[in-house]
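Report on the structure
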Amino acid sequence: MLDKTLSPASFEQRLYEGWEASGAFGADPSSTAAPFTIMIPPPNVTGSLHIGHALTFTIQDTLVRWRRMQGRDALWQPGTDHAGIATQMVVERLLGTQGVARRDIGREKFLEHIWEWKAQSGGTITRQLRRLGASLDWPRERFTMDAGLSEAVREVFVTLHQQGLIYRDRRLVNWDPKFQTAISDLEVESREMKGSLWHLRYPVEGQPGRYLVVATTRPETLLGDTAVAVHPEDERFRDLIGASVILPLVGRRIPVVADEYSDPEKGSGAVKITPAHDFNDFEVGKRHGLAMPSVLDAVGAVCLDEIEGDLLAVPGVADPDFVRGLAGQDRFAARKAIVAELERLDLVETIEAHQNAVPHGDRSGVPIEPRLTMQWYCDAATLAKPAIEAVESGRTEFVPKHFENVFFSWMRDIQPWCVSRQLWWGHQIPAWYAPDGSVFVARTEEEAYVQARQALGEGITLTRDEDVLDTWFSSALWPFSTLGWPQKTAELAKYYPGDVLVTGWDIIFFWVARMMMMGIHFMGEVPFRTVYIHGLVRDEKGQKMSKSKGNVIDPLELVDSFGADALRFTIASLATPGRDVKLGRKRVEDFRSFGTKLWNAARFCEMNGIAPDPGFDPSAVRAPLARWILDAANQAIGEATAALDAYRMDDYAGCCYRFVWNSFCDGFLEFAKPALNGPDGAEKAEIKGAAQHVLGTILRLLHPVMPYLTEELWDRFGYGAEFSLIHAAWPEPVPVSEAAAARGELDWLVGLVSAVRAVRAEMNVPPSVTVPLLVQDASPETLARGGAWLDTIRRMARATEFRALATDEAPKGVAQLVVGEATVLLPLAGAIDLEAERARLRRELDKNEAEAAKVSAKLANPDFVSRAKPEVVEENRERLAGFEAEAARLQVALDRITD
RNA sequence: GGGCACUUAGCUCAGCGGUAGAGCGCCUCGUUUACACCGAGGAUGCCGGCGGUUCGAAUCCGUCAGUGCCCA
């Protein structure tokens with residue numbers, strides 16, 4: 001016997017272990033079944049499961065389980081990425097608590113610590129994924145730092161270098177002064193900050209007393225200024241173009257250049273140009289051939305090495321001693337000191353309060369410093385072209401389609417990708433340097449030496465590049481490196497390209513773009529056919545969840561409270577493609593009742609001796625109720641399959657919900673009760689047969705989204721062996737004889753019962769009062785149906801009998817309702833308020849007449865009749881006839897009780 | 001400043017040329033032997049505003065307003 005209440009915690013773990021132990025999640029390269037591949041977008045190894053993961057992995061698992069049931073050889077590839085900065089940060093902090101600093105113990109030792117940490121704590125998220133029910137092929141789990149994946153990284157780096165698509169260059173990068181590494185544009189987030197706009201006076205050379213006022217938000221970079229730019233059309237400064245100004249504090253002469261970058265509307269209209277510390281200034285500097293001295297070092301402190309020689313004493317303007325005193329000062333301290341000195345020299349015109357967007361490192365949280373350094377770059381623009389073309393031609397499709405625009409806009413304007421990072425944790429760049437500075441890129445040190453000897457002769461000592469590659473460099477290879485590339489494996493042949501990549505829109509630039517570029521370049525084919533983009537999870541108010549706001553919800557806590565199935569079903573129900581999902585505890589609590597409902601329905605079936613019957617033949621069933629539910633199940637199967645095909649998780653969940661709750665529970669089981677309580681016979685047997693068949697269908701239909709509950713019921717009922725639902729066949733429609741007739745009959749029954757219930761409720765007739773149903777103008781078919789369903793009608797409509805009104809019969813005090821061609825009279829004698837009944841009928845009549853008038857007006861329009869589709873015209877004619885007929889019957893009913 | 005999305009019942013959202021929907025909430029009723037995480041019934045909408053296309057617009061086009069996001 002099933003327990004009275006559903007308690008997911010009592011079976012979730014046992015079922016998961018059962019599936020996993022039996023190898024149910026495993027792909028089988030040797031099978032002949034068509035593959036279905038989803039590459040997990042590898043979560044960060046330092047991560048733990050948050051609600052966004054719950055969303056994306058619920059969707060992925062639902063798709064994978066569904067396809068597996070359809071007989072596909074499903075590969076859901078698990079794994080994590082090594083998360084260069086994040087991991088290094090975690091372990092550094094950990095060592096810090098023991099008083100150990102990274103640089104003290106050295107690279108090798110530090111990496112040992114990281115691997116140790118990874119062995120102990122790196123599996124958090126994969127353990128948590130199991131609680132969610134995710135059916136990943138665990139024995140195939142990969143990590144981006146694995147030997148195989150590292151080989152792939154070296155292979156790709158060397159090949160791209162040979163092809164000229166990876167090169168070294170000296171450009172401005174986003175430098176994170178806290179981690180002392182370059183970071184990607186995408187790891188930079190701009191934050192609105194309250195700052196100041198300082199208007200500074202730069203003395204014009206040769207014109208004593210004249211100043212050019214420049215406006216800046218970063219006075220500390222003034223030391224590295226090499227020009228002042230004004231707009232070429234700006235009348236105020238026209239005569240100064242080509243002149244020079246004296247750079248305050250430094251004393252260097254710098255030119256005034258004309259450049260459209262300077263916006264006459266902003267600030268003072270003149271802007272100082274510091275090419276080594278600002279991306280826009282860098283471009284201006286290149287256009288005008290300016291020097292590009294750096295004045296801040298790796299930690300963001302003032303460094304005078306590159307301007308030492310420029311320092312000049314200019315009375316009242318520049319003092320080399322002051323500048324020398326700035327050396328080694330942090331950029332913010334230097335800002336204060338510089339502003340104070342300028343104020344002392346009366347070179348500050350005004351200070352304006354100013355709101356500006358300051359780029360911050362998303363992990364370090366400190367302002368990014370643009371910095372001119374030598375780095376390795378990947379020619380992303382060249383790699384992007386075929387990726388753009390693949391989406392344009394539809395070889396890879398986005399769902400929803402409009403996200404292709406986001407992809408295109410990014411890819412068409414893609415910048416050289418800085419792939420080197422000044423970290424220790426990651427794939428060390430396979431490049432070696434000779435003492436003379438020559439670079440040798442090779443798969444191994446031996447190969448590098450071979451190259452070096454060929455180029456430079458014997459006796460050279462090479463040193464390896466210290467830097468590592470961007471984590472995304474290895475993630476980009478994930479769709480094929482996990483399958484064994486560069487080896488030619490059976491897995492690679494079978495599972496590449498993958499079917500679908502599932503991810504949020506915020507990650508299009510990271511995974512999607514990079515996997516596309518690398519996949520196409522190295523495999524000659526797109527890495528996935530479809531990119532399914534879902535939204536982000538927000539709190540109930542639509543706010544982004546964040547630890548600092550304190551509005552995060554823990555998916556595991558929700559699993560503890562309501563079960564994994566409830567969380568999964570809630571997520572699926574709310575997952576409209578591409579739109580953000582507002583999710584709170586309450587939503588999960590609400591959807592939990594659906595699982596309970598199914599549990600109780602199953603319990604009811606069990607109590608009535610409904611059990612799996614493999615010999616059941618749906619096509620032989622004659623009882624209308626059984627045919628009706630079998631037909632409804634057929635429709636649900638069609639809808640659910642179509643919804644999953646279209647990645648409509650919400651529609652899939654919704655159609656299952658309606659079928660289980662409305663059709664199976666409120667419809668079928670309720671109508672089946674009289675037969676189930678009655679004597680054994682052919683009809684009862686058919687209804688039980690249909691019940692077990694449809695329950696089995698429901699369990700299979702819902703398994704992809706509610707794997708635990710369905711498997712538990714499947715096993716308990718004995719539909720198959722333990723843990724076998726995961727491999728059961730996805731349901732197919734079954735033949736049902738005369739389905740339309742069964743639908744017609746049940747629709748009639750539901751219509752009759754609802755109408756009677758509605759009238760009784762409105763008339764406040766207590767359930768204890770039972771009344772005869774006397775029908776007038778009923779067709780023989782209606783009378784026959786009434787007879788056939790008498791027990792059900794009695795039970796559900798609180799009726800004593802259902803029969804034709806005798807010709808000489810004229811009951812007093814009746815409520816009347818129109819069902820199809822017939823009018824049903826409920827003699828309520830004393831219980832009825834005639835006035836109220838008249839009003840009710842009047843309302844019904846008005847409603848009908850209004851509808852009839854609307855349709856009639858439409859049909860009176862000759863344009864409509866001649867131009868609309870014939871079937872639409874016909875449909876409206878039928879509707880009009882229906883409304884008119886019902887109105888006529890209501891009129892008769894009204895007349896009957898009106899004197 | 002450029003771009004994208006959104007605006008439908010109290011709330012959360014489907015629907016995207018032909019009868020305005022769901023879930024939750026709300027109101028009324030309920031000791032019918034699966035389920036109160038339930039059952040029955042009910043109320044609630046100028047489908048953001050204004051134009052246009054069309055026989056017909058929540059749905060297509062334009063425009064305005066508001067909201068959110070992305071990129072500068």
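To be clear, the structure that these remarks concern was listed above.
Note that this is a predicted model, so its numbers are computed, not measured. (Residues numbered from 1 in each chain as written. Chains lettered and ligands numbered in written order. Predicted model: local features only at pLDDT ≥ 70, side-chain atom pairs only at ≥ 80, totals over all residues. Heavy atoms only, no water.)

1. Details of the overall build of chain A
Going by this rule: Helix and strand assignments come from DSSP, with helices taken as H or I runs of at least 4 residues and strands as E runs of at least 2, each series counted from the N terminus. Radius of gyration: over C-alpha atoms. The globule rule applied is 2.2 Å multiplied by the number of residues raised to the 0.38 power. Here the term buried applies to any residue with accessible area under 20% of the maximum for its type, exposed to any over 50%, and partly exposed to those in between, with areas from a 1.4 Å probe on protein chains only. Here the accessible surface of atoms and residues is derived via Shrake-Rupley with a 1.4 Å probe, and residues count as covered only by protein chains that are part of the display. We score Asp and Glu as negative and Lys and Arg as positive, and we do not count His or the chain ends. To locate a charge, take atom NZ for lysine, CZ for arginine, CG for aspartate or CD for glutamate.
In terms of regular secondary structure, chain A is built from 29 helices and 29 strands. The C-alpha atoms of chain A give 38 Å as radius of gyration, which overshoots the globular expectation for 899 residues (29 Å, by more than 25%). On the principal axes, the C-alpha backbone points of chain A span a range of 125 × 65 × 55 Å. Counting only residues that meet the buried cut, chain A has 55% of its 899 residues in that class. With the model as given, the accessible surface of chain A reaches about 37900 Å², and the carbon-plus-sulfur share is 50%. Within chain A, one finds 99 positive and 126 negative side-chain charges whose respective centroids are separated by 3 Å.

2. Some details on the pairing of strand β29 (residues 822-827)
Inclusion rule: Whether two strands pair comes down to DSSP finding at least two bridges between them.
Of all the six residues making up β29, six are buried; the element is thus mostly covered by neighbouring parts of the structure. The two faces of β29 match: A822, V824 and L826 on one face and T823, L825 and P827 on the other face are all buried. In terms of strand pairing, strand β26 (residues 771-776) meets β29 through three bridges, oriented antiparallel. Bridge pairing links Q776 to T823 in β29. Sheet analysis places strand β28 (residues 814-819) next to β29, joined by six bridges and oriented antiparallel. The residue of β29 that forms the bridge with V814 is P827. Counting the residues in the hairpin turn of β28 and β29 gives two residues, including G820, whose phi is positive at 60°.

3. What to know about helix α10 (residues 380-392)
To be explicit about the condition: The span you would expect from a helix comes to 1.5 Å times its residue count less one. Note on definitions: a residue-residue contact is assigned when non-hydrogen atoms from the two residues lie within 4.5 Å.
The end-to-end C-alpha distance of α10, which contains 13 residues, comes to 18 Å, matching closely the 18 Å that a straight helix rising 1.5 Å per residue would cover. Within α10, the full set of buried residues consists of A380, L383, A384, A387, I388, A390 and V391. Contacts made by the buried residues of α10 are with α6 (147-162), β14 (369-378), β15 (397-399), α11 (403-412), β16 (417-418) and α16 (508-523). Among the residues trailing α10, G394 stands out with phi positive, at a value near 85°.

4. Considering the sheet that holds β29
We apply this condition: Axes here refer to lines fitted to C-alpha atoms; in helices the fit is confined to the stretch in contact. Angles between the N-to-C directions go from 0 to 180 degrees.
In spatial order, the strands read β27-β26-β29-β28; together these four strands make up an open sheet with mixed pairing. Edge positions in the sheet fall to β27 (799-804) and β28, since each has one partner strand and no second. Strand-to-strand twist in this sheet, taken as the mean axis angle between neighbours without regard to direction, amounts to 25°. Contacting β26 and β27, helix α26 (residues 790-797) runs over the sheet at an angle of about 130° to β27. Along the sheet face, helix α29 (residues 870-896) touches β26, β28 and β29 and points at about 170° away from the line of β28.

5. Looking at the protein's contact with RNA strand B
So the rule is basically this: Neighbouring residues are identified by heavy atoms, a residue being near a molecule or strand if any of them is within 4 Å of it. Polar contact criterion, stated in full: a pair of N or O atoms within 3.5 Å, where within protein one must be able to donate a hydrogen and the other to accept it, and residues adjacent in sequence count only if both atoms are side-chain atoms. Residues were grouped as follows: Ala, Val, Leu, Ile, Met, Phe, Trp, Tyr, Cys and Pro as nonpolar; Asp, Glu, Lys and Arg as charged; and all remaining residues, including Gly, as polar.
Close contacts around RNA strand B come from 39 residues, with T576, R579, T596, W661 and R867 the closest. A breakdown of the atoms of RNA strand B within 4 Å of the protein gives sugar and phosphate a share of 64%. R587 places a side-chain nitrogen or oxygen 3.0 Å from a sugar or linking oxygen of RNA strand B. Those elements giving two or more residues to the surface near RNA strand B turn out to be α19 (585-607), α21 (649-677), α24 (739-762), α28 (862-867) and α29. When its residues are assigned to classes, the surface near RNA strand B shows twelve nonpolar, seven polar and 20 charged.

6. Comments concerning unusual backbone geometry
Of note, the amide linkage connecting V399 to P400 takes the cis form, showing an omega dihedral of -5°. Considering the arrangement of structural elements, one finds P400 in the loop between β15 and α11. In this model, Y496 is joined to P497 through a cis peptide bond whose omega is -5°. Among the structural elements, P497 can be located in the loop between α15 (490-495) and β22 (498-504). Phi is positive for F723, which is not a glycine, with a value near 65°. Here F723 lies in the loop between α23 (707-717) and α24. Overall, F723 belongs to the buried group, its relative accessible area being 19%.

7. Things to note about the side chain of D225
Tracing the backbone shows D225 in the loop between β8 (211-216) and β9 (227-230). You can call D225 buried: its relative accessible area is 0%. Separated by 2.8 Å, the side chains of D225 and K272 make a polar contact. Sequence-distant contacts of D225, defined by excluding residues within four places in its chain, comprise Y202, L247, R252, I254, K272, I273 and T274.

8. A closer look at the pattern of salt bridges
Note the following rule: Each reported salt bridge corresponds to a side-chain nitrogen of Lys or Arg within 4 Å of a carboxyl oxygen of Asp or Glu.
Applying the stated criterion to the full structure yields 61 salt bridges. Linking R218 and E220 is a salt bridge whose minimum nitrogen-to-oxygen distance equals 3.0 Å. The same class applies to R218 as to E220, namely buried. Here R335 makes a salt bridge to E220, at a shortest N to O gap of 2.9 Å. Placement of the pair is R335 in helix α9 (residues 331-344) and E220 in the loop between β8 and β9, with a sequence separation of 115 residues. Since its relative accessible area comes to 2%, E220 is described here as buried. Taken together, the shared-partner salt bridges connect R218, E220, R331, R335 and E369 into one network.

Interpretation in functional terms is not warranted from these geometric data alone.
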